[in-house]
Amino acid sequence: AGGQPTRPQPPTATYDSAFLKACRREPVPHTPVWFMRQAGRSLPEYRKVREGIPMLESCMHPELVTEITLQPVRRHGVDAAIYFSDIVVPLKAIGIDLDIKPGVGPVVEQPIRTRADLDRLRDLTPEDVAYVTEAIGLLTAELGATPLIGFAGAPFTLASYLVEGGPSRNHEHTKALMYGDPQLWADLLDRLAVITSAFLKVQIEAGASAVQLFDSWVGALAPADYRRSVMPASRKVFEAVAGYGVPRIHFGVGTGELLGLMGEAGADVVGVDWRVPLDEAARRVGPGRALQGNLDPAVLFSTPEAVEARTREVLDAAAGLEGHVFNLGHGVLPTTDPDALTRLVEYVHTQTAR
Ligand code: CP3
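Residues numbered from 1 in each chain as written. Predicted model: local features only at pLDDT ≥ 70, side-chain atom pairs only at ≥ 80, totals over all residues.

## Digging into the overall build of the protein chain
- The secondary structure content of the protein chain amounts to 16 helices and nine strands.
- Relative to a compact globule of 354 residues, whose C-alpha radius of gyration would be 20 Å, the protein chain shows 19 Å and is just as compact.
- For the C-alpha atoms alone, the extent of the protein chain along its principal axes is close to 55 × 55 × 45 Å.
- Across the protein chain, the fraction of contacts at a sequence separation of at least 24, relative to all contacts at a separation of at least 6, is 73%. (Helix = DSSP H or I, 4+ residues; strand = E, 2+ residues; numbered from the N terminus. Rg over C-alpha atoms; globule rule 2.2 N^0.38 Å. Contact = placed C-beta atoms within 7 Å.)

Structural data, given as structure tokens:
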């Protein structure tokens with residue numbers, strides 16, 4: 001019994017897109033662009049369809065999710081769509097009592113801090129998130145050759161919301177648990193890795209062309225703590241989805257000192273915020289991985305000339321990279337002028353046309 005011969009993946013509708021080529025570090029017709037938090041946030045057409053519908057509820061209606069996900073693709077001509085949802089959706093789906101408070105973020109009624117609390121983190125099944133499978137089916141039919149990015153929160157960032165009970169500046173309860181009870185911490189992150197892996201698999205099997213693991217708040221840690229207390233769980237997630245052959249993107253804020261380790265955890269593409277220039281980020285990450293980033297989202301509040309000048313600097317720093325996906329260094333800020341985003345996509349495309 002010789003086992004399956006290794007064959008290339010059958011070409012999908014999105015396989016030859018600039019976005020997937022850049023993720024695979026292949027030559028591209030132009031540098032692909034998408035924006036973290038492009039769905040929702042600054043678009044008036046988003047506010048209109050969301051009127052009167054709470055955030056978490058809006059994530060459970062496939063037609064609404066499809067419409068919101070497509071809005072920035074239509075308006076800006078970005079090279080990829082990101083699935084409209086939130087990092088806490090899989091936790092809500094397994095019965096964790098949480099809500100997203102407008103202007104605040106995710107709030108958890110009963111924080112997770114003891115070994116007994118771990119039992120509340122049961123495995124996620126595809127049936128728990130049937131609306132995700134349905135929405136991605138609708139979306140990929142509409143998107144055609146434009147790739148859809150699925151996503152999840154990384155174990156550390158999810159743990160920070162669960163342990164703190166909400167958004168936190170200093171992550172004191174989270175770090176207290178991590179430093180004070182390393183075994184309980186490791187078990188918590190492992191549970192979250194299992195849930196996150198299952199959630200990403202649902203999205204890939206439904207048709208997502210790439211996945212991004214958001215470890216937004218992990219920049220709060222020193223490299224030694226990241227390596228010891230976070231990397232095993234994040235690696236477990238990346239390994240769980242490695243066999244699908246879809247690019248795996250890994251992003252966090254303030255992660256300049258962690259970029260190498262975040263690549264090592266198993267990412268094909270490492271997201272970089274605006275604090276580290278992309279050429280320096282490439283030295284820290286090392287060969288064999290593409291980079292994504294990294295215009296300061298606040299630059300979009302400046303003049304069109306300043307936006308172009310700062311974008312030019314990002315493109316120049318990216319000139320020698322093996323693969324570059326243009327993005328902001330963090331999500332679109334809520335009061336950003338949508339026209340500034342449309343102009344930015346156009347500018348990157350024309351400047352990098354080959
Ligand atoms: O990128 C996209 O456009 C897809 C949708 C998306 C949302 N949240 C929708 C959302 C994505 C990818 C996320 C990820 C997310 N959620 C992260 C990681 C990305 C990052 O910014 O670092 C984090 C940390 C969260 C947790 C969360 N949810 C926060 C901090 C907030 C903002 C609170 C606020 O109102 O300022 C949310 C709510 C949320 N998630 C909104 C949207 C569109 C706003 C809620 C609303 O419109 O009522």
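## Overview of the environment of Thr-196
- Relative to the helices and strands, Thr-196 is located in helix 10 (residues 182-206).
- Counting along the chain gives 44 residues from Thr-196 to Ala-152, while the straight-line C-alpha distance between them is 6.4 Å.

## Thoughts on the UniProt feature "binding site: substrate" (unreviewed entry) in the protein chain
- Those places that UniProt annotates as "binding site: substrate" (unreviewed entry) correspond, in this numbering, to Arg-37, Gln-38, Ala-39, Gly-40, Arg-41, Asp-86, Tyr-161, Ser-216 and His-330.
- Judged by the 22 C-beta atoms lying within 10 Å of it, Ala-39 falls in the buried class.
- Among the structural elements, Ser-216 can be located in the loop between strand 5 (210-214) and helix 11 (223-229).
- According to the C-beta neighbour criterion, Ser-216 is buried, with 21 such atoms within 10 Å. (UniProt positions renumbered as here; feature names shortened; annotations may be inferred. Buried ≥ 20, exposed ≤ 12 C-beta atoms within 10 Å, placed from the backbone.)

## Side note on the nonpolar core
- Core analysis: the biggest nonpolar cluster contains 112 residues, and Ile-149, Leu-189, Leu-192, Ala-208, Val-211, Val-218 and Leu-291 have the highest contact counts within it.
- No other element matches helix 10, which puts eleven residues into this core.
- Not counting residues within four places of it along the chain, the set of residues in contact with Leu-189 comprises Pro-155, Phe-156, Ala-159, Val-230 and Ala-233. (Core = buried A, V, L, I, M, F, W, Y, C linked by C-beta atoms within 7 Å.)

## Regarding the sheet that holds strand 6 (residues 248-251)
- A sheet is described by the order of its strands in space; here seven strands give the open sequence 1-4-5-6-7-8-9, paired in parallel fashion. In this open sheet, the two edge strands, each paired with only one partner strand, are strand 1 (81-82) and strand 9 (324-328).
- Bridge analysis of strand 7 (residues 269-271) against strand 8 (residues 290-295) gives three bridges, and the strand direction is parallel. Looking across to strand 8, one finds that Val-269 is bridged to Ala-290.
- Where helix 10 meets the sheet, its contacts fall on strand 4 (148-153) and strand 5, and the angle it forms with strand 4 comes to roughly 170°. (Pairing = 2+ DSSP bridges. Axes fitted to C-alpha atoms, helices over the stretch in contact; angles between N-to-C directions.)

## A word on the pairing of strand 9
- Most of strand 9 is tucked away, with five of its five residues classed as buried.
- Here strand 9 shows no split at all, with His-324, Phe-326 and Leu-328 on one side and Val-325 and Asn-327 on the other all buried.
- The pairing of strand 8 with strand 9 spans five bridges and is classified as parallel. Of the residues in strand 9, the one forming a bridge with Gly-293 is Phe-326.

## Quick notes on the UniProt feature "site: Transition state stabilizer" (unreviewed entry) in the protein chain
- Summarizing the sequence annotation, UniProt attributes the feature "site: Transition state stabilizer" (unreviewed entry) to Asp-86 in the numbering used throughout.
- With respect to the helices, strands and loops of the structure, Asp-86 is situated in the loop between strand 1 and helix 5 (89-93).
- Classification of Asp-86 as partly exposed rests on a count of 18 C-beta atoms within 10 Å.
- Apart from the residues lying within four places of it in its own chain, the contact partners of Asp-86 are Met-55, Cys-59 and Ile-100.

## What to know about the environment of Asn-294
- Mapped onto the secondary structure, Asn-294 falls in strand 8.
- On the neighbour-count criterion, Asn-294 (23 C-beta atoms within 10 Å) is buried.
- Along the sequence, Asn-294 and Val-307 sit 13 residues apart, while their C-alpha atoms lie 13 Å from each other.
- Not counting chain neighbours up to four residues away, the residues in contact with Asn-294 comprise Val-272, Asp-273, Trp-274, Leu-278, Val-314, Asn-327 and Gly-329.

## Here we look at unusual backbone geometry
- The omega torsion of the bond from Gly-293 to Asn-294 falls at -5°, within 30 degrees of zero and hence cis.
- Unlike most non-glycine residues, Arg-41 shows phi in positive territory, near 60°.
- Position of Arg-41 relative to the elements: it lies in the loop between helix 1 (18-23) and helix 2 (44-50).
- Although it is not a glycine, His-171 sits at a positive phi angle of roughly 55°.
- The residue His-171 is located in the loop between helix 8 (155-164) and helix 9 (172-180) in this model.
- Accessibility expressed as a C-beta count within 10 Å gives 21 for His-171, which makes it buried.

## Brief notes about the pairing of strand 4
- Of all the six residues making up strand 4, six are buried; the element is thus mostly covered by neighbouring parts of the structure.
- Side chains Leu-148, Gly-150 and Ala-152 project from strand 4 onto one buried face, and the interleaved Ile-149, Phe-151 and Gly-153 project onto a second face that is buried too.
- The sheet contact formed by strand 1 and strand 4 spans two bridges and is parallel. Of the residues in strand 4, the one forming a bridge with Ile-82 is Ile-149.

## Some thoughts on the packing of helix 8 against helix 9
- Close contact between helix 8 and helix 9 brings their axes to 8 Å; oriented N to C, the two are set at 105°. Classed by the angle they form, the pair helix 8 and helix 9 counts as roughly perpendicular. Residues Ala-159, Ser-160, Val-163 and Glu-164 of helix 8 pack against His-173, Thr-174 and Leu-177 of helix 9.
- In terms of residue class, the contact of helix 8 with helix 9 is built from three nonpolar, three polar and one charged. (Parallel < 35°, antiparallel > 145°, perpendicular 65-115°, else oblique. Nonpolar A, V, L, I, M, F, W, Y, C, P; charged D, E, K, R; others polar.)

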